[in-house]
Amino acid sequence: MFRIFKAELFKCRHNMSFFLSLLAAAPLGILYAFICELDKTLSMAEILSGVVSYYNIFFIIMIAMYVTNDYEKGTIKSIMSSGVSKTKIYLGRLSVSIFISEIMFVLAFAGALAWGIFRGIPFVSDAMPWTTFEFVESILVQMLIVAIYAMIGYFISVLIKKQMPSMIVAIAFINFEPLLISKIGELSGVDLSILDFNSVIEQIEMLDMSGTVLYGMLVLGIFVFVLTFIIGTAIFKHRDI
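This is a predicted model, so every value here is computed, not measured.

## A look at the overall build of the chain
Looking only at helices and strands, the chain features 11 helices and zero strands. In the chain, the succession of helices and strands from N to C terminus is α-α-α-α-α-α-α-α-α-α-α. Counting over 241 residues, the chain shows a buried share of 45%. Here the contacts in the chain between residues at least 6 apart in sequence split such that 81% fall between residues at least 24 apart. Looking at the chain as shown, the accessible area adds up to about 12000 Å², and 71% of this sits on carbon and sulfur atoms.

## Let's talk about helix α2 (residues 16-37)
The terminal C-alpha atoms of α2 lie 32 Å apart, and with 22 residues this matches the ideal 32 Å at 1.5 Å per residue to within 8%. By the burial criterion, the buried members of α2 are Phe18, Ser21, Ala25, Leu28, Gly29, Tyr32, Ala33, Cys36 and Glu37.

## Concerning helix α7 (residues 86-119)
End to end, α7 covers 50 Å across 34 residues, agreeing with the expected 50 Å (1.5 Å per residue, within 8%). Positive phi appears at Gly120, one or two residues downstream of α7, with a value of about 70°.

## Notes on the pattern of salt bridges
Applying the stated rule across the entire model yields one salt bridge. The shortest N-O distance in the salt bridge between Arg119 and Glu37 comes to 2.7 Å. Taken together, the residues span a long stretch of sequence, with Arg119 in helix α7 and Glu37 in helix α2 at a distance of 82 residues. On the basis of relative accessible area, Arg119 is assigned to the partly exposed category, the value being 44%.

## Some words on the confidence of the model for the chain
Put simply, the chain has an average pLDDT of 80, and 88% of its residues get 70 or more. Mean pLDDT per element in the chain: helix α10 (residues 197-205) is the minimum at 63, and α7 is the maximum at 90.

## Re the packing of α7 against helix α8 (residues 132-160)
Interaxial distance between α7 and α8 falls to 9 Å at its minimum, and their mutual angle equals 135°. By the angle between their directions, the pair α7 and α8 is classed as oblique. In terms of crossing hand, the pair formed by α7 and α8 is right-handed. Contact with α7, carried on its side by Ile89, Tyr90, Arg93, Leu94, Ser97, Ile98, Ser101, Glu102, Phe105, Val106 and Phe109, involves Phe135, Ile139, Gln142, Met143, Val146, Ala147, Ala150, Met151, Tyr154, Phe155 and Val158 of α8 and no other residues of that element. Of the residues belonging to the contact of α7 with α8, the class tally is 17 nonpolar, three polar and two charged.

## Regarding the environment of Ala25
Tracing the sequence through the fold places Ala25 in helix α2. Judged by its relative accessible area of 1%, Ala25 falls in the buried class. Between the C-alpha atom of Ala25 and that of Ala108, which follows or precedes it by 83 residues, the distance is 4.9 Å. Residues within four places of Ala25 in sequence aside, it is in contact with Met104, Leu107 and Ala108.

## Here we look at the nonpolar core
Ranked by internal contacts, the top residues of the largest apolar core, which has 59 residues, are Val51 and Phe59. The leading source of residues in this core is α8, at 12 residues. Sequence-distant contacts of Val51, defined by excluding residues within four places in its chain, comprise Tyr32, Phe105, Ala108, Phe109, Ala112 and Gln142.

## Comments concerning unusual backbone geometry
Positive phi values are uncommon outside glycine, yet Lys161 reaches one of about 75°. Along the chain, the position of Lys161 falls in the loop between α8 and α9 (163-188). The exposure class of Lys161 is partly exposed, given its relative accessible area of 23%.

So, how was this worked out
Residues numbered from 1 in each chain as written. Predicted model: local features only at pLDDT ≥ 70, side-chain atom pairs only at ≥ 80, totals over all residues. Heavy atoms only, no water. Helix = DSSP H or I, 4+ residues; strand = E, 2+ residues; numbered from the N terminus. Buried < 20%, exposed > 50% of the residue type's maximum accessible area, 1.4 Å probe, protein only. Contact = heavy atoms within 4.5 Å. Areas by Shrake-Rupley, 256 points an atom, 1.4 Å probe, with all protein chains shown as cover. Expected span 1.5 Å × (residues − 1). Salt bridge = Lys/Arg side-chain N within 4 Å of Asp/Glu carboxyl O. pLDDT = per-residue confidence, 0-100. Axes fitted to C-alpha atoms, helices over the stretch in contact; angles between N-to-C directions. Parallel < 35°, antiparallel > 145°, perpendicular 65-115°, else oblique. Left-handed = near helix turned anticlockwise from the far one by under 90°. Nonpolar A, V, L, I, M, F, W, Y, C, P; charged D, E, K, R; others polar. Core = buried A, V, L, I, M, F, W, Y, C linked by side-chain atoms within 4.5 Å.

Below you can see the structure in the form of structure tokens.
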């Protein structure tokens, strides 16, 4: 799998689209902080806790471009004939999807933080005090959400194989996921708000870090990984390329 990971990273480094996307990440973070700064009541804690909610579409687009590029150019056949098992290929390419998404998030986060420091935006406010634990948990939860976005985007792109349809379906799923979770919760009589991306992000932005948010996202991440891996690898193994 590590062999596939290295080979795929090499491809990404020499792909102009990915290179430009990564170059744009920090400026996008700066733009986000600049827009948030218009609301003078916001502290840097509140601004930084919302980075992931504003750039989820960019993560999805990047993953769809990465995964479907090999299908549309036919280079997936070369990967399949490399002698590496399909399971390792699936996992290796999934790992790269998560990795490049996390890099983009970190760069966007760093851009927003740098702008806040440059502008002297107060890090906390009386209304929204922020402890070190909450700061660390906010970053970890956002990174887990990015990983979940990447897994979903990767899974959908493997199923559909076409760039634009993959983007549309993945973005639609991310946007309608809260409604889907709400309906399932109503039918089952179980509170599933911890699985609702919007609800979790809202808690982060309100600095409502009770400890269950990180735990819930970790459980959801494992669930999404196992489910998409089982279905994704089964389809990937038995489908003609």
